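If you want the building blocks of each chain, they are given just below.
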Amino acid sequence: MTGIGAAGLVGAATPALAQFSGLPSLSGLPGVSNMPAGASKMVDLAGQAANVLASMQISEADEISMGDAYYERFIDQSGGLYNSQNAQDALRRFAEPLIATSKRANLKWQIALVDNETVNAWALPGGKLAIHKGLIRYVATPEELAAVISHELAHAEFSHGVAQIKNKKFVQGMGGIAKQQVVDAAARKAGSIGAFATSEVLTAFEGPVYDMITSGYSQDLEYTADGHIVPVFHTIGYDSAHASDFYNTLLRLVPPNTKATTSLYATHPGTKDRIKRLQAVALKDKSPVAPSNGHPGWAELKEDFPTRTHFRLT
């Protein structure tokens, strides 16, 4: 079984391959040469940074380094740890059988209950998960909470953070200094071997990574994370017919035409579409369902957070 530790920073991960080819300039592209010098330089820098992110090799050790570096910081930015050891322990006990389904034994899995009333959860590369206490208030059954954790687990399990970092949109969330830090790091390591997740790169990534995990991944990655709920349910003995229940709860909680986007709620992909797709996956999957070992920690969580049926941000 994969271990679950308390939230905290640990030492740097072992080095990983991070080789880069030459970084092409964009100055020769049509239109760029006619730009003012400052604007042309910014376009060129953005293109070089995008090239670095698209071509870099991020190893499992780099993922672990990112998770270790950001986990406590992002918990603090999100509201801090919820100040109840009993509730933290209950969440860890509830999550333990779900996390034990992971095939990535090297990840240092952790889960924390965050003192934030928004209905959200997030996952960092390297197996770092966080659940907002606001979400616990609105999950009515163990299956709903298990679906959320399974979804977030998938983001770490399948390296969705790495995939998103390689997306051009990630560069758009970086400031000019951050872009320069990434390009400079690539230049220093061109043709050499060493961990990509240096302190400079981690600093450059911090803001965009926080936005990424709290506001959601790309449509395809969110669909993949949703689909992972079903095999996790079968492995631990949950009925996959309830895999989409939490999304139905979101439809009742979130006012129509809401533009906010999280890993769990988004107008694109729409929640109704996600429910439909998840139900189709559950119907198609005929794998055997393991015996259930109950729902450890659930009763204790609900003692602290009785289920609400109407949303309020207090």
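Residues numbered from 1 in each chain as written. Predicted model: local features only at pLDDT ≥ 70, side-chain atom pairs only at ≥ 80, totals over all residues. Heavy atoms only, no water.

**Q** Pulling in residues and values, what's your account of the overall build of the protein chain?
**A** The helix and strand inventory of the protein chain stands at 13 helices and 3 strands. In the protein chain, the share of contacts with a sequence separation of at least 24, taken over all contacts with a separation of at least 6, comes to 77%. On the protein chain, roughly 13900 Å² of surface is accessible, and the fraction owed to carbon and sulfur atoms is 55%. (Helix = DSSP H or I, 4+ residues; strand = E, 2+ residues; numbered from the N terminus. Contact = heavy atoms within 4.5 Å. Areas by Shrake-Rupley, 256 points an atom, 1.4 Å probe, with all protein chains shown as cover.)

**Q** A description of helix α5 (residues 142–157) should follow, citing residues and the corresponding values.
**A** In an α-helix, one turn spans 3.6 residues, which is why side chains three or four residues apart end up on the same side. Here α5 is 16 residues long and its end C-alpha atoms lie 21 Å apart, about the 22 Å a rise of 1.5 Å per residue gives. Counting buried residues in α5 gives 16 out of 16 residues, a clear majority hidden from the surface. Where α5 ends, the next residue or the one after it, Ser-159, has phi of about 55 degrees, a positive value. (Expected span 1.5 Å × (residues − 1). Buried < 20%, exposed > 50% of the residue type's maximum accessible area, 1.4 Å probe, protein only.)

**Q** Give a description of the pattern of salt bridges that names residues and reports values.
**A** With the rule as written, the count across this model stands at 13 salt bridges. Between Arg-137 and Glu-117 there is a salt bridge; the shortest N-O distance is 2.9 Å. With a gap of 20 residues between them, Arg-137 in the loop between α4 (133–136) and α5 and Glu-117 in the loop between β1 (110–114) and β2 (121–124) connect regions that are remote in the sequence. The buried category is assigned to Arg-137, whose relative accessible area is 14%. In this structure, Asp-226 and Arg-274 form a salt bridge, with 2.8 Å as the shortest nitrogen-oxygen distance. Here the residue Asp-226 occupies a position in helix α10 (residues 219–236), and Arg-274 occupies one in helix α12 (residues 271–284), the gap between them amounting to 48 residues. Overall, the relative accessible area of 1% leaves Arg-274 in the buried class. (Salt bridge = Lys/Arg side-chain N within 4 Å of Asp/Glu carboxyl O.)

**Q** Now, about unusual backbone geometry: what can you tell me, with residues and values included?
**A** Non-glycine residue Ser-159 carries a positive phi angle of around 55 degrees. Take Ser-159: it is sitting in the loop between α5 and α6 (160–165).

**Q** Any chance you could break down the sheet that holds strand β3 (residues 128–132) for me, citing the residues and the numbers?
**A** What the 3 strands build is an open sheet, ordered β1-β3-β2; its pairing is mixed. Lying at the two open borders of the sheet, with one neighbouring strand each, are β1 and β2. Averaged over all neighbouring strand pairs, the angle between strand axes comes to 15 degrees, with direction disregarded. On top of the sheet, helix α3 (residues 85–99) reaches β1 and β3; it is set at about 140 degrees to β1, its chief contact. With respect to the sheet, α5 is in contact with β1, β2 and β3, its orientation differing from that of β2 by roughly 25 degrees. (Pairing = 2+ DSSP bridges. Axes fitted to C-alpha atoms, helices over the stretch in contact; angles between N-to-C directions.)

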